[in-house]
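Spelled out from the first residue to the last, the chains are:
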Amino acid sequence: MAVEGTRTTHGDLGLEESDLRSMYRYMLLARRVDERMWILNRQGKAAFVISCQGQEAAQVGAAYNLRAGYDYLYPYYRDSGMVLTLGQTARDQFLSLFAKREDPNSGGRQMPGHYSSRELNIVTASAPVGVQYPQATGTALAFKMRGEDGVVLTSGGEASTSGGDWHEAMNFAGIHDLPVVFLVENNVYAISVPENLQVAGSIAGRAAGYGFPGVEVDGNDVLAVYEAAKQATERARRGEGPTLIEARTYRMTAHSSDDNDRRYRERDEVEVWREKDPIVRFEQYLEENGLLDGERKEELEAQVREEVEAAVEYAEAAPYAGVEETLSGVYAGE
Amino acid sequence: MAVEGTRTTHGDLGLEESDLRSMYRYMLLARRVDERMWILNRQGKAAFVISCQGQEAAQVGAAYNLRAGYDYLYPYYRDSGMVLTLGQTARDQFLSLFAKREDPNSGGRQMPGHYSSRELNIVTASAPVGVQYPQATGTALAFKMRGEDGVVLTSGGEASTSGGDWHEAMNFAGIHDLPVVFLVENNVYAISVPENLQVAGSIAGRAAGYGFPGVEVDGNDVLAVYEAAKQATERARRGEGPTLIEARTYRMTAHSSDDNDRRYRERDEVEVWREKDPIVRFEQYLEENGLLDGERKEELEAQVREEVEAAVEYAEAAPYAGVEETLSGVYAGE
Amino acid sequence: MATKNLLEAIHDGLAEEMRADESVMVLGEDVGRAGGVFRVTEGLQEEFGPLRVLDTPLAESLISGAAIGLSVNGMRPVAEIQFADFIPPAFDQIVSEAARFYYRSNGAWSCPLTIRVPYGAVPGGALYHSQSVEAYFCNTPGLKVVAPSFPADAKAMLKSAIRDPNPVLFFEHKKSYRLVKEEVPEEVPEVPLDEARVHREGTDLTVVSYGMVLHTVLEVAEKLREEQGIETEVVEPRTLYPLDRASILEAARKTGKFLVVSEANVTGSVSAEIAALVAREAFEWLDAPVTRLGAPDVPVAGFAKPMMDALVPDAAKIEDAMLELARY
Amino acid sequence: MATKNLLEAIHDGLAEEMRADESVMVLGEDVGRAGGVFRVTEGLQEEFGPLRVLDTPLAESLISGAAIGLSVNGMRPVAEIQFADFIPPAFDQIVSEAARFYYRSNGAWSCPLTIRVPYGAVPGGALYHSQSVEAYFCNTPGLKVVAPSFPADAKAMLKSAIRDPNPVLFFEHKKSYRLVKEEVPEEVPEVPLDEARVHREGTDLTVVSYGMVLHTVLEVAEKLREEQGIETEVVEPRTLYPLDRASILEAARKTGKFLVVSEANVTGSVSAEIAALVAREAFEWLDAPVTRLGAPDVPVAGFAKPMMDALVPDAAKIEDAMLELARY
Ligand SMILES: Cc1ncc(C[n+]2csc(CCOP(=O)(O)OP(=O)(O)O)c2C)c(N)n1
Ligand SMILES: Cc1ncc(C[n+]2csc(CCOP(=O)(O)OP(=O)(O)O)c2C)c(N)n1
Ligand SMILES: [Mg+2]
Ligand SMILES: [Mg+2]
C-alpha cells in the first residue's frame, strides 16, 4: 500500500516555506524525542513513557495556529507535538521523563506527558481523562468577558469524549459562543478498548446537536488538520464560537510503556497504519513540492539527533528535588 | 388564541375508546391531586409541593406504553402522571406529601415527588438531577443480557441533559443498542434558568450524534407523545436500541412551593401557555370525537374529586414513622 | 453599624468585592435573574451584568471546572453550588483538579477561586437538601475549607476567600441564613483563613463546634453557667481544613475535658479529626474521654419532621453531653 | 493448597462467583479482552463472554450508575474502577445513589453491587496513580468499605461482598497485587464484612493497620519482639466502614497504647475515626496518647522516586512510632 497523499496544498493555506519546514521539524523532533524515551525505558533509565507516535500531524497542525503565551492550550498526555510547537524543548521533556527538579512541567511531581508552562499558557495537565474541557471553557469565557481575542485549544483522545465533562463543556461553549476549539485525536483505542465500544455514533457528528460546527479531518495529514484548526481558531477569534475537530488517526505504539498491545490488537492492523505514518506522508509532500531533499533531510535529522542527545545528557545529570521541596508547595502564597 | 388541535388520531394508533378515557382520567387525576397539594401547602399542612401541571400529556402519553411491573420506569420529580398511569394512587401521593409511615415511595423519608414502587418497577427516584440515566441503561442492559424484551423508560427535565450523566448514558445506550427510552420533558425553565441558557443546539437533535433516533414532539398533545413513545418502546422491544424523545411543554406553576416565578418570567408568557393546557386540549379532542360530553365530564370530575378527598383524609390521619424506624433501615439484610 | 443576618452579610461581602475588583464574578444555577434560590446573590446581576453574574446550566462539574479555567485566566470566580448535597458531581474538579494545580505544576499555576456551599439540615429539606458534607473535602491537601457561623465572620472570611490564591470551599449553614443575626460593621476587620475563634472562655470544659449547632452550644453553655456554675470554653474552628490546631489544643489543655459537636454523621466527620488531634496532643492534660456528638450514622434527614428532630443534635442532647463531661 | 498472590486470589474469587451464579458480571475499562490493566480479570471474558465481562466506555459515573441499574434488575455487578484516583467522577452515583437506595425507598430497593478499587502508592504511580482515597467513602451510611490485605481474606471477602445485598467498595492495594502471597485453600472459609482480624497478640501496644503498610507493621512487630521483647498486638480492620469497633477497642484496652498506621494523608483519614473511637471508648485504659502515622498532608506521591519514599510511612518511621509508644 502506498503512502496516501496530502490533500490540501500549503499555498492555499497561506503557509510559507519556512512554516512548512518548522512544522516538519516539530513533527520530527516529537517523534525522535519519543523514540528516545522508549530506548531509555528499555534501558531501565525511564520509569514510564507515553507516546505521541502517529499523532504528530494532528498535534503540530493544530498548535501551529496558536499564539504562544497569549492563547491558551489545555493539552493531553500525548501532545508532545503541541508543546514543542509552542516552544517547549526536548530538554524539557527529558527533564520530565527523569522527574528532575528542573522539569518545567511539574518539578518531577507528575508523570511525563503532563505538560505545563505558565509562560506559554500551557495549563497544567493531569491524569484524570477529560477534566480539561470544562476548564478550557472557563478560560475561554474569561477572554470573552474581557473582550479579548484569545483562543483556547483543548484536546484529548476519543475516550475523553465518553465522560460527562466533555459534554458539559460542549454545551456551555455552545450556549455562550465561547472561543474554544475542541480537538479530539481519535486514535481508535483507549488502552485496549476499541472505538466501537467507546463511541456511539460519531464524535464530529455531535457538534451539530450543540449548535456549532463539527469537522472530521484526516489526522495524519498535517495540512488538513492545520486548515481545519485555522478555520476554527479564526472563527473563535471573530467571536463566532466553538468548533469541534475530530482528527482521525492511530496510536502507533502501545498505550504506554506499561502496556502490551499484543493482548488486544492485531499486528496487521498496526502495520496498515504504519504505512500511513504522518511524518512519512508529510515528507513525501515536501519532496514533491521541492521543499525537502535527501541532503536537507539528513541535515535536519542530524540537528534533531544532536538536540535530543544533548537534552538526554543534560537531563540525566540534573538533580532531583529535595525532600523539603516534596513536602512544601501545597498552597500558593505560603 | 384558540386551543391547538391534536394532530394524531387515536384510530391510527390502535387505541380503543377505553384507552382514551383511561388516559384522560390519569391526566385529570394528576392535575387534581396536584392542585389539592398546593391548597394544602397554602393551608400550612404540606411543607413542599412540586408540580406536574402542564406536563400531564407528556407523562401519561409516554407511560401508557409500559407494562407495569415488567418494564422499568426511572421517573423524575414531576412525573406524577406517569406513576398514576402505572398504578400508584392518589392516596399514595398524599401519604408522601404528608411524609407518613405508609408513604409507599419512601416511608416519609423523601420529599413528595420522589417516586418508588418495587411492585410497579418504579425505581426509587432521588433529588440530584440526572442520576437516573446511567442507572436506566444498566437496567436495560440486564434485560438485554437475559434476552428479555423489557423496556426502560427514563425521564427528566431539559436541565437534566446538561449534566454528564445524561451524555454518558446516551453514549452507552447507543453503543449497545439498549432497550431504553429517554424522555426529556422540556418545559422551558430549570427553576429560573431559561432554555437558551441551559441548552445549546437542540436536545432531540443530539440523538443523531449517538447513532439513534431523536424526535421532538408536541408535549402538550397526549396522542403525539403516545405515538412517539409507542414507536420508541416497540423499537426497544425489538432489540433495535434506544430512542430520545424531546417533549416540548411548559411548567405551568412555579418550580415548587418554595419558588416565586414572578422573579424571572413574565405573566404574559405563562398565559400564552395556559391556553395550551394539555388537558383542555385533550378534552377538546375527545369532545370532537364524541367521546366526552358535559355530563360524562362532570361524572369523572366528581369521581376524581372524591378519590382525592378520600385520599387526603386518609393520609392526614395516617401516623408518622417512629424514631426507631428513622434510625434503622440503612443497610439491607440487617 | 447595622444588624445583618448571615445571608445579608454574605451578600454584602460579595457585592463589595465585586465593586472593588472587576475580576471578581459569580457563577452558578439561578444566581442571576432570580438572585439565587436563597437570595444570596439578589440584585447582583442587575448591578454587574449577565456575564459577571452568570446563570450556568445545571452541571456542577462544569461550574467548578469553568471556575478553574476562569481563575487561571485572570478572574476571581465565586461559584455557587445550589445545595451541598449536589456537590458530588463537582468532586473530581475540586479534589483532583483545583486542589492540585499549584502543587502539580510546581507552583506555576494556582486557582484563586471560591466555591460557596449552602449546607446543613433545614425543616423539610429531606435527604438531599440537608447534608453536612464538609468532611468529603477535609482530607485533600491544597484545598481550604471554611465554615463561618456568624455574619461578620462570614462577610470577612468570604472576602479573605476571594482574595486567597488557593481554592476555598465556603460552607454556609442554610438554617442560619435568616435566623442568625448580629451587628456587622460597614468595614469588617479582616479575618484570616487560619484562625479559630474563642467565643467564651471557661475552665471546666471545652466545646468545639460550628454551624447551627454552635449557636445551640453557646446557649447551653450560658445556661449551664447560670444554672450550675459550669464554665465552658467554646471554640469555633471557622476554618475546618487546614485546622488551627494550636487554638484548639490550647483550649483542650486548659480545661482537660473536650467535646466536639457538629451535625454531620458522626463517623468519619471533621469531629473525628479534631478528636484525634486532641487525643494525641493534649493527652497529658485530659481528665475525661475526648467526646464527639453528631448525627447518628443515618442519612440526614428524613422529610417527616420527627425524623430531622431525631437526627440533628438539639439542646437537650448537647446539654447531656456537656454535663457528662463536666461531671466526669 | 496453592500459594497465591493478592491479584490471583481476587481473580479466583471473582471467577468462582461467576461460575456459581450467572447473575454475577464484571464491567469496567479494559476488563475484557485485555483482562484489566493489572490482569485481575484475565481470561474472564473468554470464559463468560463480552457482556458478562464488559469493556465500558471511559466514564466512571456511567460504570457505577449502570452497576446500580443492573443490580436492581437481577444482576450482581462487580464494577472495576481502573485506579482509585479516578473514582471521583463516580462519587455522586456511589454516595448519593447506591448508598441511599435502600434507606430512601424504605427498604423497597437495594443495590447488591461491588466496586473494586485498586489504590495505594506504587513506584512511578505519581500523583494520580497512588492515592489512598478510602476516607472519601467512610462517612456515608449505607455503604460498606472493605480493604483486605491478605490473599485469602481478599478472596473470601470479595465473595462476601458480591453476595452482600448492599453496595460494597472493595479496595485492593496495587502494590500488594504481586508482592503479597500466601497459601490460599481451594475453598476459602467465609469472612463476614464486619469482623476485624487480630494478626498477632501482644501486651505492650496495639497497632491497627491495613494495606501495604500493614505488612511492614507486622515485620516491625516481629523485629521488636525479637530484638527488644516488645509484644505488639496487630489488628487489621479489614472492613473500614462500618468498623468492627469491638475488636479494635478490645485490643486497645488490653495494651493501653494505641497506634494506627495507614498510608493515606493523615488529616481526615480513616485513622482519625479509629483514633477518635479509641480515645473516647478506651480512655480509662490508655497509658499513652492515641497516635496516628500516615502520609503528611501533601499530594501522594510525586513521580520522582525520592518523593514517594519521603511520603509513605516506611519501616523506620513505623518502628519509631511504635517505639515511642512502647517507651512512653
Ligand atoms: C477518569 C479516568 N479514568 C481512567 C483513566 C485511565 N486511563 C488513562 S488513559 C486511558 C485511555 C484514554 O483513551 P483515549 O482518550 O482514547 O486517549 P489515547 O490514550 O488513546 O490517546 C485510560 C482508561 C484515567 N486516566 N482517567
Ligand atoms: C445535581 C443537581 N443540581 C441542582 C439541583 C437543584 N435543582 C432541582 S430541580 C432544578 C432544575 C431542574 O430543571 P429541569 O431539569 O428543566 O426540570 P424541571 O424542574 O424544569 O421540570 C435544580 C437546579 C439538583 N436537584 N440536582
Ligand atoms: Mg484513543
Ligand atoms: Mg425544565
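Computed from a predicted structure; not experimentally measured.

Draft legend 1. Structural context of the overall build of chain A. Of the regular secondary structure elements, chain A holds 13 helices and seven strands. What you see for chain A is a C-alpha radius of gyration of 19 Å, in line with the 20 Å of a compact globule of 334 residues. Its C-alpha atoms give chain A principal-axis dimensions of roughly 55 × 50 × 40 Å. By residue count, 66% of the 334 residues in chain A fall in the buried class. The contacts of chain A with a sequence gap of at least 6 include a subset with a gap of at least 24, amounting to 76%. Within the structure as shown, chain A displays about 10900 Å² of accessible surface, and the carbon and sulfur contribution to it stands at 46%. The distance from the centre of the 34 positive side-chain charges to the centre of the 54 negative ones in chain A is 2 Å.

Draft legend 2. The coordination of the magnesium ion (ligand 3), seen in detail. All names here are of chain A. Protein coordination at the magnesium ion (ligand 3): the donors are Glu158 (OE), Glu158 (OE), Asn187 (OD1) and Tyr189 (O), at 2.0 to 2.7 Å from the metal. Classification of the site at the magnesium ion (ligand 3) rests on its six donor atoms, whose angles at the metal span 52 to 168°, yielding the label irregular. Donor residues for the magnesium ion (ligand 3), ordered by position in the chain, follow E-x28-N-x1-Y. Classification of Asn187 by relative accessible area gives buried; the value is 2%.

Draft legend 3. Here's a closer look at the site of ligand 2. Near ligand 2 you find 20 residues, and of these Tyr76, Tyr77, Arg78 and Tyr189 of chain B together with Glu60 of chain C are the closest. Flanking ligand 2 are residues from chains B and C. In the environment of ligand 2, an oxygen atom lies 3.3 Å from a nitrogen or oxygen atom belonging to the backbone of Ser160 of chain B. Asn187 of chain B is positioned such that a nitrogen or oxygen atom in its side chain is 2.9 Å from an oxygen atom of ligand 2.

Draft legend 4. Up close: the environment of Pro57 of chain C. You can see Pro57 of chain C is positioned in the loop between strand 3 (53-55) and helix 3 (60-72). Between the alpha carbons of Pro57 of chain C and Leu27 of chain C there is a distance of 10.0 Å; along the sequence they are 30 residues apart. Other than its neighbours up to four places away in sequence, Pro57 of chain C contacts Asn171, Phe172 and Ile175 of chain A, Ser162, Leu197 and Gln198 of chain B together with Glu29, Leu62 and Ile63 of chain C.

Draft legend 5. Here's a closer look at the pairing of strand 3 (residues 180-186) of chain A. All names here are of chain A. Of all seven residues that make up strand 3, seven are buried, and the element is covered over most of its length. Of the two faces of strand 3, the one holding Val180, Phe182, Val184 and Asn186 and the one holding Val181, Leu183 and Glu185 are both buried throughout. Here strand 2 (residues 152-157) pairs with strand 3 via six bridges, running parallel. Bridge pairing in strand 3 places Gly157 opposite Glu185.

Draft legend 6. Spatial organisation of the pattern of salt bridges. On inspection of all chains with the given rule, the structure shows 100 salt bridges over all chains. Glu283 of chain A is paired through a salt bridge with Lys297 of chain A; the nearest N and O atoms lie 3.2 Å apart. Here Glu283 of chain A, found in helix 11 (residues 278-288), pairs with Lys297 of chain A, found in helix 12 (residues 294-317); they are 14 residues apart in sequence, far enough to count as distant. Glu283 of chain A gets classed as buried once you look at its relative accessible area, which sits at 9%. In this structure, the salt-bridge partner of Glu16 of chain C is Lys155 of chain C, at a minimum N-O distance of 2.7 Å. Taken together, the residues Glu16 of chain C in helix 1 (residues 6-20) and Lys155 of chain C in helix 6 (residues 151-163) connect sequence positions 139 residues apart. Exposure remark for Lys155 of chain C: the relative accessible area of 3% places this residue in the buried category. When salt bridges that share partners are traced, they join Glu16, Glu17, Lys155, Lys159 and Arg163 of chain C into one network.

About the cut-offs
Residues numbered from 1 in each chain as written. Chains lettered and ligands numbered in written order. Predicted model: local features only at pLDDT ≥ 70, side-chain atom pairs only at ≥ 80, totals over all residues. Heavy atoms only, no water. Helix = DSSP H or I, 4+ residues; strand = E, 2+ residues; numbered from the N terminus. Rg over C-alpha atoms; globule rule 2.2 N^0.38 Å. Buried < 20%, exposed > 50% of the residue type's maximum accessible area, 1.4 Å probe, protein only. Contact = heavy atoms within 4.5 Å. Areas by Shrake-Rupley, 256 points an atom, 1.4 Å probe, with all protein chains shown as cover. Lys, Arg positive; Asp, Glu negative; His and termini not counted. Charge placed at Lys NZ, Arg CZ, Asp CG, Glu CD. Donors = N, O, S within 2.8 Å, 3.2 Å for Na, K, Ca; no water. Tetrahedral: all angles 85-135°; square planar, octahedral: opposite > 155°, others 65-115°. Near = heavy atom within 4 Å. Polar contact = N/O pair within 3.5 Å; in protein donor to acceptor, adjacent residues only side chain to side chain. Pairing = 2+ DSSP bridges. Salt bridge = Lys/Arg side-chain N within 4 Å of Asp/Glu carboxyl O.

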